[in-house]
Amino acid sequence: MSAYTIINPTNAKPVQDIHLADLFETDVAIEKADRAFQSWRHVSPGDRAKLLRKFAAIVEEHNEELAQLEVLNSGHTIGNARWEAGNVANVLNYYSAAPERLFGRQIPVPNGIDITFKEPLGVIGIIVPWNFPMPIAGWGFGPALAAGNTVVLKPAELTPLTAIRLGELALEAGIPEGVFNIIPGKGSVVGERFVSHPAVRKIVFTGSTSVGKHIMQGCSAQVKRLTLELGGKSANIIFGDADIEKAAAGAPGAVFDNAGQDCCARSRILVQRSVYDRFMELFETAVKAFRCEDPALETAEMGPLISATQLERVREFVPEGAEIAFQGNAPTGDGYWFPPTVLTPKNTEDRAYREEVFGPVVSVLPFTDEEDAIKIANDSEYGLSGSIWSRDIGRAVRVSRAVEAGNLSVNSNSSVRYWTPFGGYKQSGLGRELGPDALDAFTETKNVFFDTQN
Ligand code: NAP
Ligand code: MG
């Protein structure tokens, strides 16, 4: 029997012990989900929709409880945590409209009728990281359940509390036993078993690119379906003709939100040389005003890092002698605190510039013109997100078409809406989540020809 002691990252104090599932318990849960699939897939579309709406309503009723749990377990600011719990309810409501709309097609053929069906896959294995425990779980289980699949979900070892609670709320909503199963445990045990167990028909993984590649390799043995949401090194591109005040005011939140532990973090700021000095002046004021404090405070804009390990990883990106332009403030003392940090690397070979830091560290680099900006932005193995700031509509269109990334925003840093697709180019991922097409990722298309001549 092994257990994991959850640590509150704000003060490094233990919160509670969580039992970690072993291989046997994982198999039992998968088999339970497999049996539940046989009845869940046949629940009528209207009834499945009602159950998902009920689930959404119960999550909404428990918004504050779930948010407080996330502050305790993950050190998220209370404002963010409320949004995250709200996002789960929104995703459930959005996909609750799917069961009655899971249309196939009727395709004209001679001598018969041809129809396509969207069939559920079976058991879906969802592997969740610690950076956004609630939303990332919901982006998987919302559409998966709506399409008639059952789910086994492994939260990150560090952050299982809200997932466990969501599992209980699902039962309270009347989602049948075995349909939605939360299995806290280690990636190397529970996660690996999702990949190797033949009853799990698809993996939805969010996390590091290296583990994502390993999972992709594992899935090949059974040609297992796979969605990957991996790392990012997104560019925030600020042109000379932009509203520099707005761009600078928004830039701290675009990278330091969730203490930079966000795959969409705009961790490379590219600024046109003509406005570089002006931008840096405004950016410094904004960074120093960014409120990194006890995440339970309503005013908090940033909390601690998730763990001592993550703090160590982030520190390594800012060694003695690093090109620090300026830093913001952070509490000292217990807890895994690291201040917002702005680097001005000499070149693009700098490690903090190239690699995903997953902490409150941003690199700023000047560029000369549009072509240069696009070239620098695309010089990355990642391609998840990014922003383009310009008042020139033609330029905004050209650059947003040229940047190789799945989620861009123009004169804005917002990249996530539950009703628009989300996912990465290049090594940032495979497939898309959210939006109107997410159901395709949780169904097989079956084509049936009915011969009318016999
Ligand atoms: P990670 O190892 O990729 O963890 C993500 C999830 O995968 C966790 O639930 C983890 O379980 C599980 N896992 C780990 N090894 C596995 C395996 N062999 N098979 C199946 N599942 C496995 O991420 P991390 O180590 O926590 O973070 C490391 C770095 O990854 C971060 O610094 C950041 O750069 C990146 N990251 C990116 C995202 C993102 O949203 N794109 C999210 C998190 C981390 P355990 O909790 O038991 O390890
Ligand atoms: Mg890991």
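Parameters at a glance
Every chain begins its residue count from 1, and numbering advances along the sequence as written. All chains are assigned letters beginning at A, and all ligands numbers beginning at 1, according to the order in which they are written. The predicted origin of the model limits local features to residues at a pLDDT of at least 70 and limits the giving and counting of side-chain atom pairs to 80 or more, whereas totals for whole chains, interfaces and linings rest on all residues. Side-chain measures were taken over the full set of non-hydrogen atoms in the model, leaving aside hydrogen atoms and water. Elements are defined by DSSP. Helices are runs of H or I of four residues or more, strands are runs of E of two residues or more, and each kind is numbered from the N terminus. We call two residues in contact whenever any of their non-hydrogen atoms come within 4.5 Å of each other. A pocket, in this scheme, is an open set of points on a 1 Å grid over the protein atoms alone with protein on both sides within 12 Å along at least 5 of 7 lines, while a cavity is a set where a 1.4 Å probe fits but cannot get out; residues line either one if an atom lies within 4 Å of a point. Grid points are joined across faces, edges and corners, and a volume is the space filled by probe spheres set on the points. All domain edges in this entry derive from an automatic or database-based domain assignment. By buried area we mean how much accessible surface two parts lose on assembly, using a 1.4 Å probe and totalling the loss over both. Note on definitions: salt bridges are taken to be side-chain nitrogens of Lys or Arg within 4 Å of carboxyl oxygens of Asp or Glu. We define a polar contact as two N or O atoms separated by no more than 3.5 Å, with the added condition that, inside protein, one atom must be a possible hydrogen donor and the other a possible acceptor, whereas residues neighbouring each other in sequence contribute only through side-chain atom pairs. Residue proximity to a molecule or strand is established when one non-hydrogen atom of the residue lies within 4 Å of it. Using the Shrake-Rupley algorithm and a 1.4 Å probe, accessible areas are obtained, with residue cover drawn only from the displayed protein chains. Each residue gets one label: Ala, Val, Leu, Ile, Met, Phe, Trp, Tyr, Cys and Pro are nonpolar, Asp, Glu, Lys and Arg are charged, and the others, such as Gly, are polar. Accessibility here uses a 1.4 Å probe with only protein chains present; expressed as a share of the type maximum, an area under 20% marks a residue as buried, one over 50% as exposed, and anything in between as partly exposed. The pairing test for Phe, Tyr and Trp rings, Trp by its six-membered ring, is centres within 6.5 Å, and the orientation test on the planes gives stacked under 30 degrees, edge-to-face over 60, and tilted for anything in between. Here, a charge over a ring is recorded when the distance from Lys NZ or Arg CZ to the ring centre is within 6 Å and its angle to the ring normal is within 35 degrees.

Chemist: Would you mind going over the environment of L121 with me for this structure?
Modeler: Structurally, L121 is set in the loop between β4 (112–120) and β5 (123–127). Each C-alpha atom, one on L121 and one on G232, is 29 Å from the other, the two residues being 111 residues apart in sequence. Residues within four places of L121 in sequence aside, it is in contact with F37, N149, R201, K202, A441, F442, T443 and E444.

Chemist: Whenever I open this one, the layout of surface pockets confuses me. Can you help?
Modeler: Think of a ball as big as a water molecule: rolled over the atoms, this probe shows where empty space is left. By volume, the second largest pocket is sized at about 480 Å³. Secondary structure elements with two or more residues in the lining of the second largest pocket: α4 (78–96), α5 (133–146) and α9 (244–256). At 4 residues, α9 tops the list of elements feeding residues into the lining of the second largest pocket. Mapping the lining of the second largest pocket onto the domain boundaries places at least three of its residues in each of domain 1 (2–230 + 428–451) and domain 2 (235–417).

Chemist: What should I look at first to understand the domain arrangement of the chain in this one?
Modeler: Much of the literature gives interface size as the accessible area that the parts lose upon coming together. When cut into domains, the chain gives domain 1 (2–230 + 428–451) and domain 2 (235–417). Computed over C-alpha atoms only, the centres of domain 1 and domain 2 are separated by 30 Å. At the interface, 27 residues of domain 1 touch 31 residues of domain 2. Interface area for domain 1 against domain 2, summed over the two sides, is near 2200 Å², with a carbon-plus-sulfur share of 59%. Linking domain 1 with domain 2 are 1 salt bridge, by the criterion used here. R82 is the salt-bridge partner of E298, the closest N and O atoms lying 3.0 Å from each other. Viewed at the interface, domain 2 and domain 1 are joined by 10 residue pairs in polar contact (both at pLDDT 80 or more). Those elements giving two or more residues to the side of domain 1 that touches domain 2 turn out to be α3 (63–74) and α4.

Chemist: Got a minute to help me understand the site of ligand 1 in this structure?
Modeler: Every one of the 28 residues lining ligand 1 counts as a neighbour, but V128, W130, G187, S208 and L230 are closest to it. Taking E157, its main chain carries an N or O atom lying 2.8 Å from an oxygen atom of ligand 1. Contact between ligand 1 and E192: a nitrogen atom at 2.8 Å from a side-chain N or O atom of the residue. For ligand 1, whose accessible area on its own is 860 Å², the fraction buried by protein is 86%. Secondary structure elements with two or more residues in the shell around ligand 1: α7 (187–196), β8 (200–206), α8 (209–220) and α11 (308–316). Of the residues belonging to the shell around ligand 1, the class tally is 11 nonpolar, 10 polar and 7 charged. Mapped onto the domain boundaries, the shell around ligand 1 takes at least three residues apiece from domain 1 (2–230 + 428–451) and domain 2 (235–417).

Chemist: In this structure, what is going on with the environment of V189? I would like to understand it.
Modeler: Along the chain, the position of V189 falls in helix α7. Judged by its relative accessible area of 25%, V189 falls in the partly exposed class. As a C-alpha pair, V189 and F367 span 178 residues in sequence and 46 Å in three-dimensional space. The residues touching V189, leaving out its near neighbours within four places in the chain, are A21, D22 and L23.

Chemist: Hey, could you run me through the pattern of salt bridges in this one?
Modeler: Here the idea is simple: oppositely charged side chains can pair when their charged atoms come close. This model, assessed by the stated rule, comprises 25 salt bridges. Residues E119 and R41 are paired through a salt bridge, measuring 3.8 Å at the closest nitrogen-oxygen approach. Taken together, the residues E119 in strand β4 and R41 in the loop between α1 (23–40) and α2 (45–61) connect sequence positions 78 residues apart. R395 is paired through a salt bridge with D241; the nearest N and O atoms lie 3.0 Å apart. Taken as a pair, R395 in helix α14 (residues 393–402) and D241 in the loop between β10 (235–238) and α9 lie far apart in primary sequence, 154 residues in all. One connected set of salt bridges, linked through shared partners, spans D241, E370, R395 and R398.

Chemist: Hey, could you run me through the packing of aromatic side chains in this one?
Modeler: Centre distance and the angle of the planes are the two values used to describe a pair of aromatic rings. Counting across every chain of the model gives 12 aromatic pairs. Counting every residue linked through ring pairs, the aromatic cluster contains Y94, Y95, Y418 and W419. Lying over the aromatic face of F442, K202 brings its terminal NZ or CZ to 5.1 Å of the ring centre. Taking the ring centre of F317 as reference, the NZ or CZ of R351 above it sits at 4.0 Å.

Chemist: I keep staring at empty space enclosed by the protein and nothing clicks. Help me out?
Modeler: Scanning the entire structure with this criterion turns up 3 cavities of 30 Å³ or more. Of the volumes computed, that of the largest cavity is approximately 80 Å³. In this structure, the largest cavity is lined by 15 residues; those nearest its centre are A235, R268, A377, S385 and A405. Partitioning the lining of the largest cavity into residue classes produces 6 nonpolar, 6 polar and 3 charged. There is about 60 Å³ of room inside the second largest cavity. Residue lining of the second largest cavity: G232, K233, G260, D262, C263, A265, S267, E356, V357, F358, G359 and V361, and that is the complete set. Here the residues of the lining of the second largest cavity sort into 5 nonpolar, 4 polar and 3 charged.

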